[in-house]
Amino acid sequence: MATIVGVHGAFHQLWGPHEVANRWIPAIRDGLWHVSSTIDPDEIDIAFYGDVFRPNVVDGRPTDEELLTVARDAGLTDVVEALAGPDGLQVIAQAVGKESLRQLINQLGRYFTDQQLRATVRRRVESVVTPETRVIIAHSMGTVVAYETLCDHPEWSVETLITIGSPLGGGWVFGQLEPSPVDGVGVWPGSIERWVNIASVGDRACEEPELARRFGDRVTDLGVDNGHRAHDPEPYLNAPTTGRALAAALER
C-alpha cells in the first residue's frame, strides 16, 4: 500500500508505468537522503495515465484543425491572442516547438474539454490512492489532475499535497479547474492539511510560481534552482527542499 503517490505530467504518452516509476522512485528517495530520511520503494506508487494519450494507427494523429478546435473550446486561443496577438499560437509554436505545442493542446486542452477523458485520467489516481496514502506529489499537468481528484474526494485520508513545476496558478489553467474558483480563490483540495508548492527558477510552466496568491495563504511556496533542467521532474524530486517537505509529511 502506497504511503506516497506520485502523479506525472504531460508528454508521457510513449512511456509506461514501470519506466516512470524507475525515474521517480530513486529521485524521491534521493531527496529524502539529503535530509537523512528514507522510505521503502514499495511504499511509493505512481498514478500513470500517459497511455491515455498514446497515438494509434487506427485513429491517426489529430490534425492541426482538430487541435485548433480543442484550443478554442478550452479557451486557450483567447488567452494566447490576448497576450501575443491574433497569431499567438504561431508565436508560441516558434518558441517551444510545433510538436510540443501540439502535444500540450492534445493533452491538457483535451483534458479540459473532454469530460470522459478527464474522468479516465482521474481514475488512474483513484486506483492507487489507498487509506494508507498520506502524501501525493505531483508534477506539471499532474498537479492539475491531482488537485481536481483530491477536490473530488474529501473523504480521503491524504494529508499532504506537494506540487512541483505546477501550472495551476496560470490564468488559463486556473480558469478551467473543477471545481471552479470562488470569488477569484481556488477551492481547497479536499482532505489536504498541508500544501507545499515548489517552483524552479526559469520554469516557464509556473506562470504564477506562488500558488498562495491563487489558493490562499495556507499554501507554502518554496523555490529551487534546477539549472538547465528547470521543468524536469527528477531535479525537483531529488532536491533537498522537496526532501524536507516529504520528510516533514512522513513524520506527521
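Our subject in this report is the structure included herewith. Note that the coordinates shown come from a computational prediction; the quantities given were computed from them, not determined experimentally.

Definitions and limits used
Residues numbered from 1 in each chain as written. Predicted model: local features only at pLDDT ≥ 70, side-chain atom pairs only at ≥ 80, totals over all residues. Heavy atoms only, no water. Helix = DSSP H or I, 4+ residues; strand = E, 2+ residues; numbered from the N terminus. Expected span 1.5 Å × (residues − 1). Contact = heavy atoms within 4.5 Å. Core = buried A, V, L, I, M, F, W, Y, C linked by side-chain atoms within 4.5 Å. Buried < 20%, exposed > 50% of the residue type's maximum accessible area, 1.4 Å probe, protein only. Salt bridge = Lys/Arg side-chain N within 4 Å of Asp/Glu carboxyl O. Axes fitted to C-alpha atoms, helices over the stretch in contact; angles between N-to-C directions. Parallel < 35°, antiparallel > 145°, perpendicular 65-115°, else oblique. Nonpolar A, V, L, I, M, F, W, Y, C, P; charged D, E, K, R; others polar.

## Some words on helix α1 (residues 17-33)
Then comes step 1: In this model α1 runs 24 Å from its N-terminal to its C-terminal C-alpha over 17 residues, within 8% of the 24 Å that 1.5 Å per residue would give.
Then comes step 2: The inward-facing, buried residues of α1 contact β1 (4-7), β2 (44-47), β3 (135-139), α10 (233-237) and α11 (240-251).

## Considerations on unusual backbone geometry
Then comes step 1: Following E178, the chain continues to P179 via a peptide bond in cis, the omega torsion being 0 degrees.
Then comes step 2: Along the chain, P179 turns up in the loop between α8 (171-176) and β5 (194-200).
Then comes step 3: Positioned with a positive phi, S140 is a non-glycine residue whose angle comes to about 55 degrees.
Then comes step 4: Here S140 is to be found in the loop between β3 and α7 (141-151).

## Some thoughts on the nonpolar core
Then comes step 1: By size, the foremost hydrophobic cluster in this structure holds 38 residues, and its most contacted members are V7, I136, W195 and F215.
Then comes step 2: Listed by contribution, the elements that provide at least two residues to this core are β1, α5 (98-113), α6 (115-126), β3, α7 and α8.
Then comes step 3: Top element by residues in this core is α7. It accounts for seven residues.
Then comes step 4: Not counting residues up to four positions away in its chain, the partners in contact with W195 are Y147, L161, T163, L168, W188, P189, L211, F215, R218, V219 and T220.

## Here we look at the pattern of salt bridges
Then comes step 1: Going through the model one piece at a time under the given rule, you end up with ten salt bridges.
Then comes step 2: The partner of E148 in a salt bridge is R122, with the nearest N and O atoms 3.0 Å apart. Placement of E148 in helix α7 and of R122 in helix α6 is noted, with a sequence separation of 26 residues between them.
Then comes step 3: Classification of R122 as buried rests on a relative accessible area of 12%.
Then comes step 4: One connected set of salt bridges, linked through shared partners, spans R23, R229, D232 and E234.

## Thoughts on the packing of α6 against α7
Then comes step 1: Running from N to C, α6 and α7 point in directions that differ by 80 degrees, and their axes come no closer than 9 Å. It follows from the interaxial angle that α6 and α7 lie roughly perpendicular. Residues R118, V121, R122, V125 and E126 of α6 touch α7, and the partners they reach there are V145, E148 and T149.
Then comes step 2: Looking at the contact of α6 with α7 residue by residue, the class counts come to three nonpolar, one polar and four charged.

Nothing here speaks to function; it is geometry throughout.
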